[in-house]
Protein chains: 2
Amino acid sequence: MKDATTSTFNKYYPNEPAEPRVVTDTIPGPKTQSHLESLSRVFDTRPSYFVADYDHSLGNYIADADGNTYLDLYAQISSIALGYNNPKLIEVIGSKEMKNALVNRPAMGNFPPMELAHHSNVLLKFAPKGQTRVWNALSGADAIELAMKAAFMYFMRIKRGESNYFTPDELSSVMDNKPPGSPDLAVLSFKRAFHGRLFASGSATCSKPIHKLDLPAFRWPHAEFPFYEYPLDDPENKTKNQKEDDRCLKIVEELINSWDIPIAAILIEPIQSEGGDNHASPYFLQGLRDITLKNGIVYIIDEVQTGVGATGKFWCHEYANIDPPVDLVTFSKKFQSAGYFFHDERFIPNKPYRQFNTWCGDPARMLIAGTIGEEIMKHNLLLQVNETGDYMFKELEMLQSKYPKFFGRLRGKNRGTFIAWDLPTSELRDELLAKLRINGCNVGGCSDKSVRLRPSLTFEIKHVKIFIRILDKCVGELYN
Amino acid sequence: MKDATTSTFNKYYPNEPAEPRVVTDTIPGPKTQSHLESLSRVFDTRPSYFVADYDHSLGNYIADADGNTYLDLYAQISSIALGYNNPKLIEVIGSKEMKNALVNRPAMGNFPPMELAHHSNVLLKFAPKGQTRVWNALSGADAIELAMKAAFMYFMRIKRGESNYFTPDELSSVMDNKPPGSPDLAVLSFKRAFHGRLFASGSATCSKPIHKLDLPAFRWPHAEFPFYEYPLDDPENKTKNQKEDDRCLKIVEELINSWDIPIAAILIEPIQSEGGDNHASPYFLQGLRDITLKNGIVYIIDEVQTGVGATGKFWCHEYANIDPPVDLVTFSKKFQSAGYFFHDERFIPNKPYRQFNTWCGDPARMLIAGTIGEEIMKHNLLLQVNETGDYMFKELEMLQSKYPKFFGRLRGKNRGTFIAWDLPTSELRDELLAKLRINGCNVGGCSDKSVRLRPSLTFEIKHVKIFIRILDKCVGELYN
């Protein structure tokens, strides 16, 4: 294994702190509390962990208003790809293209900037296999909903046949939100899925009631997502897990045949992230491809959290080698920019202005996305993520032997640094996260009782060593 | 009237072109066509008017890839407040705050930046009367949908009473997208309204079938929006228009009482923009306030297009002096940043994470929004907009006398530069817009046969003179 100190990427952050440093007795500390107090007059601060001082954050370390510096394994809910104050990104901000993107914000559909083809082509260099086009959005939820729109239009196009003519009845009923112009169509998603919190994306989301309560929803179905035994490569688990896959695939087919609204698309995360880091096997993901092809249904992979390298491949679903490739792949978070990739020209609507809005994405964020992608390639960061992840996973397995009850269902082997495990209870999980933070490690949870690791791609073995030492200490204190 | 050459704002653009300049025989010109050809391999270019060269655009003039320079009265679909390459915005891009916002994109809910209170407070300086808080979004449609979420949660909170307790039945049914957890609730909007193109915002939109076809919709009602006779200050029209207001208010009340889904909110643009620049009178807007109060319904004003100064007030609905103030006001476009203002603490959900997402807005765009607001105030641009608009309206009235058939229903008197009129047919409107463009004026349409003027707030009387001269020529050529 390569020594972390010789990593090509190490040069990025020569001034990174040697280790975390917590100078307050409580988190949030007094200065953060005073910031939160004034912020709370205008903003809902209840979800705040702490108020960050981004100017003093660097690389894998995030600083707060009190001068605490944490080793960051959460990275803005999995959204910082290359660490804080990345010099290459700072360089890009000074470019002419960035100035135009920010100061002269273009309505890219009507008045595309000369740079747009370049921005799009750079993004497409990182597109998953089989995807040749991109459509831009503004957030993960927006990307999901625009992909849903593309899916519904495609589904109706195929249903109509090649003439693809709108009937007078469609043209009038749509203005009353009624079929046939506003058809009853559904997206099938999965239990414990998270696809965003707007109304259609929210109808596909099924992880926690708090995301959805009191909001009207489309009556769309949630199939069962396979729930595996870990480790996945244990032969006995393998047999059990494939049975679980077959059970869940059968439910998907049954829902397609029985649901009272036609299913136009299936939407799935290759690893359910917010919902608990539940993995979908290559077998399951290919099974869905077979079902969608057989039933004329659009297949959408949601890579908003799993995409852009943290699993050790640029896109997590590449591990499944789905054949033929899926129809639409959404992205956001670590790419900063959002949108969906697609491969089939028929996903371009038959008329302009059907998939459209004033901004059609954000060129400033597209420029940043392209730079992030190029940095990942230039510095061979996928290799680094795999090395770091493998090392971290082995270390966690050792802690698992030491504290078996506190490392339930350890998952993410051979998936880079995209690692999670379960505590016995939600309370213990929250206690562990608080203890980690006061000891200088910023770590997030997911689902009810899971810990999820989401460091930047710049996380190195030297950082793992610090984290494991602190984790060992914190779990040790809680374990008795 | 103040002479344009002494305008305080004139100093911003001393190097602005003296007049438009078109050097190609066709628009799009050959270079734009070649750009579009390569762009079309990755992007849907059918809506493109031309490919813009933002680097060579300045102030009120937009350049294209062929070296054409147009006087811009469309401003990126009403989204550029202060002209192109505004020096103050360029300055802000170089700030430390902008670097943090772009390079270290914060998940503002969990890890708010130290600057967030400042950004929010600056935005709130420009909030409409009665609004004391702001929630951030990423686009106009996103702002509308987040405001809808706030409205639904508030409506249910009031319905539940102060205990505001979720029942076990709500907590389980919501996971199946069924009532009572996912209640059937509706937003009442208006015919010809435009509120965005996602699924809930799309259900409220009712301007053109093309925005909505093939997409599932919520079964929400569209009431009639008053259709006035212009000029509004003509005494005979006044009487007719108030009757029209009463007719439409009655329909709103009837829908509230008869619709089979409870109406939780009313959503309206003070001037329907995409739908044809249809004005709502102060009387009508106050009537809706009375109805919403009487029926316990949330009142949302959509200022996405009308907001940020172009009507001569910072927010268009301020003309109506609605009392008490409306509940939620959405913004986007000219503010670059998006979101909604609100005044009542009860619009903060009872629990955290109900109104939430990873990014909770974009601090880079909030910073730009604040700068735009401050520049508007510093340079007294609302006064300038009113002067320029009054001058332009009078000039248009003169053209109306000359070519009455081509200036039908001229609207926007005393509403700054927010001006529109009708051509006899959709074809003639399109022909006029094309002719204006080849003569150096970039102007947009709305609805079927309207022309809408949407210059930046930096548009001056000297620009009006150029525009009117070219318009006179173009209409003259078409009129016979």
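- The name given to chain A in an unreviewed UniProt entry is 4-aminobutyrate aminotransferase, and the organism recorded there is Kazachstania africana.
- UniProt's Cofactor (unreviewed entry) comment on chain A is quoted here verbatim: "pyridoxal 5'-phosphate".
- The UniProt entry for chain A carries the following text under Sequence similarities (unreviewed entry): "Belongs to the class-III pyridoxal-phosphate-dependent aminotransferase family."

**Remarks on the relation of the copies chain B and chain A**
- At an RMSD of 0.0 Å, chain B and chain A line up after a rotation of 180 degrees and a shift of 0.0 Å along the axis. Such a combination of turn and shift is consistent with a two-fold rotation axis.
- With an isologous cut-off of 70% or more, the 100% of interface residues of chain B that recur at the interface of chain A puts this contact in the isologous class.

**Quick word on the pattern of salt bridges**
- Within this structure, the stated rule accounts for 58 salt bridges over all chains.
- Between A:D44 and A:R46 there is a salt bridge whose closest N-O contact spans 2.9 Å.
- A:D44 gets classed as buried once you look at its relative accessible area, which sits at 11%.
- One network of salt bridges, in which partners are shared, links A:R160, A:E170, A:R354 and B:D214.

**Focus on the sheet that holds strand β12 (residues 408–411) of chain B**
Residues and elements named next belong to chain B.
- A sheet is described by the order of its strands in space; here 4 strands give the open sequence β12-β13-β16-β15, paired in antiparallel fashion. Either end of the sheet is taken by a strand with one partner, and the two such strands are β12 and β15 (444–446). Across the sheet, the axes of successive neighbouring strands diverge by a mean angle of 25 degrees, strand direction being ignored.
- Bridge count for β15 against strand β16 (residues 450–453) is 3 bridges, and the pairing is antiparallel.

**Here's the deal with the interface of chain B and chain A**
- Taken together, the contacts link 124 residues of chain B with 124 residues of chain A.
- Both sides together, the interface formed by chain B and chain A hides about 11400 Å², and carbon and sulfur atoms give 61% of it.
- The interface formed by chain B and chain A includes 12 salt bridges.
- Where A:R160 meets B:D214, a salt bridge forms, and the shortest distance between an N and an O atom there is 2.6 Å.

**Structural notes on the packing of helix α9 (residues 235–258) of chain A against helix α10 (residues 282–295) of chain A**
Residues and elements named next belong to chain A.
- For the pair α9 and α10, interaxial distance at closest approach is 10 Å and the crossing angle is 20 degrees. By the angle between their directions, the pair α9 and α10 is classed as roughly parallel. The two elements α9 and α10 cross, and the hand of that crossing is right-handed. Residues Q242, D245, D246, C248, L249, V252, E253, I256 and N257 of α9 form the contact with α10, whose participating residues are Y283, F284, G287, L288, I291, K294 and N295.
- In terms of residue class, the contact of α9 with α10 is built from 8 nonpolar, 4 polar and 4 charged.

**Concerning the nonpolar core**
- Among the nonpolar cores identified, the biggest contains 242 residues, and A:M148, A:F190, A:L328, B:M148, B:F190 and B:L328 are the most heavily contacted of them.
- Grouped together as the second largest cluster of nonpolar side chains are 35 residues, A:L71, A:L73, A:W421 and A:L432 included.

**Thoughts on the pairing of strand β4 (residues 186–190) of chain A**
Residue and element names in this part refer to chain A.
- Counting buried residues in β4 gives 5 out of 5 residues, a clear majority hidden from the surface.
- For β4 and strand β6 (residues 263–268), the ladder comprises 3 bridges, and the chain directions are parallel. Opposite A186, over in β6, you have I263 as the bridge partner.
- Sheet topology places β4 next to strand β5 (residues 222–223); 2 bridges connect them, and they run parallel. Along β5, the bridge assignment pairs S189 with H222.
- For the crossover from β4 across helix α8 (residues 199–204) to β5, the handedness is right-handed.

**Details of the packing of aromatic side chains**
- Applying the stated criterion to the full structure yields 59 aromatic pairs over all chains.
- Seen from their ring centres, A:F126 and A:F335 are 6.4 Å apart, and the 70 degrees between their planes marks the pair as edge-to-face. Placement of the pair is A:F126 in the loop between α5 (116–125) and β3 (133–137) and A:F335 in the loop between β10 (328–331) and β11 (338–342), with a sequence separation of 209 residues. Take A:F126 and A:F335: they sit in the same class, and that class is buried.
- Linked through ring pairs, A:F152, A:F199, A:F218, A:W220, B:F152, B:F199, B:F218 and B:W220 together constitute an aromatic cluster.
- Over the ring of B:W359 we find B:R105, and its NZ or CZ is 3.6 Å from the ring centre.
- Sitting above the plane of the B:Y319 ring, B:R415 keeps its charged end 3.7 Å from the centroid.

**Quick look at the pairing of strand β13 (residues 419–422) of chain A**
Residues and elements named next belong to chain A.
- On β13, burial covers both faces: I419 and W421 on one face and A420 and D422 on the other are all buried.
- Looking at chain direction, strand β12 (residues 408–411) and β13 are connected through 2 bridges and run antiparallel. The partner of R411 across the bridge, within β13, is A420.
- Relative to strand β16 (residues 450–453), β13 runs antiparallel, the two being bridged by 4 bridges. Looking at β16, one finds that D422 is bridged to S450.

Rules of the game
- Each residue is numbered by its place in its chain's sequence as written, counting from 1.
- Written order decides the labels, with chains lettered from A and ligands numbered from 1.
- Given that this is a predicted model, residues contribute local features only at a pLDDT of at least 70 and side-chain atom pairs are listed and counted only at 80 or more, while totals for whole chains, interfaces and linings are drawn from all residues.
- Just so you know, side-chain values use all the structure's heavy atoms and leave hydrogens and water out.
- UniProt positions are given in the numbering used here, feature names are shortened, and annotations may be inferred rather than shown by experiment.
- What sets the superposition is a least-squares fit of C-alpha atoms, and only residues with pLDDT of at least 70 in both copies go into it.
- Residue contacts are counted whenever heavy atoms from the two residues lie within 4.5 Å of one another.
- The salt bridge criterion pairs a side-chain nitrogen of Lys or Arg with a carboxyl oxygen of Asp or Glu, the two atoms within 4 Å.
- Exposed residues in this analysis have more than 50% of their type's maximum accessible area, buried residues have under 20%, and partly exposed residues fall in between, with area computed by a 1.4 Å probe over protein chains only.
- By this definition, two strands are paired if DSSP reports at least two bridges between them.
- Numbering of helices and strands runs from the N terminus; a helix is a DSSP stretch of H or I covering at least four residues, while a strand is a stretch of E covering at least two.
- Helix axes are fitted to C-alpha atoms over the stretch in contact, other axes to C-alpha atoms as well, and angles between N-to-C directions run from 0 to 180 degrees.
- Note on terms: buried area is the combined drop in 1.4 Å-probe accessible area of two parts once they are placed together, counting the loss on both.
- Relative orientations are named as follows: roughly parallel for angles under 35 degrees, roughly antiparallel for angles over 145 degrees, roughly perpendicular for angles from 65 to 115 degrees, and oblique for any other angle.
- Left-handed is the label given to a crossing in which the near helix is rotated counterclockwise from the far helix by less than a right angle, and right-handed is the label when the rotation is clockwise.
- Residues are sorted three ways: Asp, Glu, Lys and Arg are charged, Ala, Val, Leu, Ile, Met, Phe, Trp, Tyr, Cys and Pro are nonpolar, and all the rest, Gly among them, are polar.
- We call a set of buried Ala, Val, Leu, Ile, Met, Phe, Trp, Tyr and Cys residues a nonpolar core when their side-chain atoms join them within 4.5 Å.
- Here, the term right-handed applies to a crossover whose path from the first strand over the helix to the second runs clockwise when the strands point away from the viewer.
- The aromatic pairing rule takes the rings of Phe, Tyr and Trp, using the six-membered ring of Trp, and pairs them if the centres are within 6.5 Å, calling planes under 30 degrees apart stacked, those over 60 edge-to-face and the rest tilted.
- Charge-over-ring contacts are defined here by two conditions on Lys NZ or Arg CZ: a distance within 6 Å of the ring centre and an angle within 35 degrees of the ring normal.

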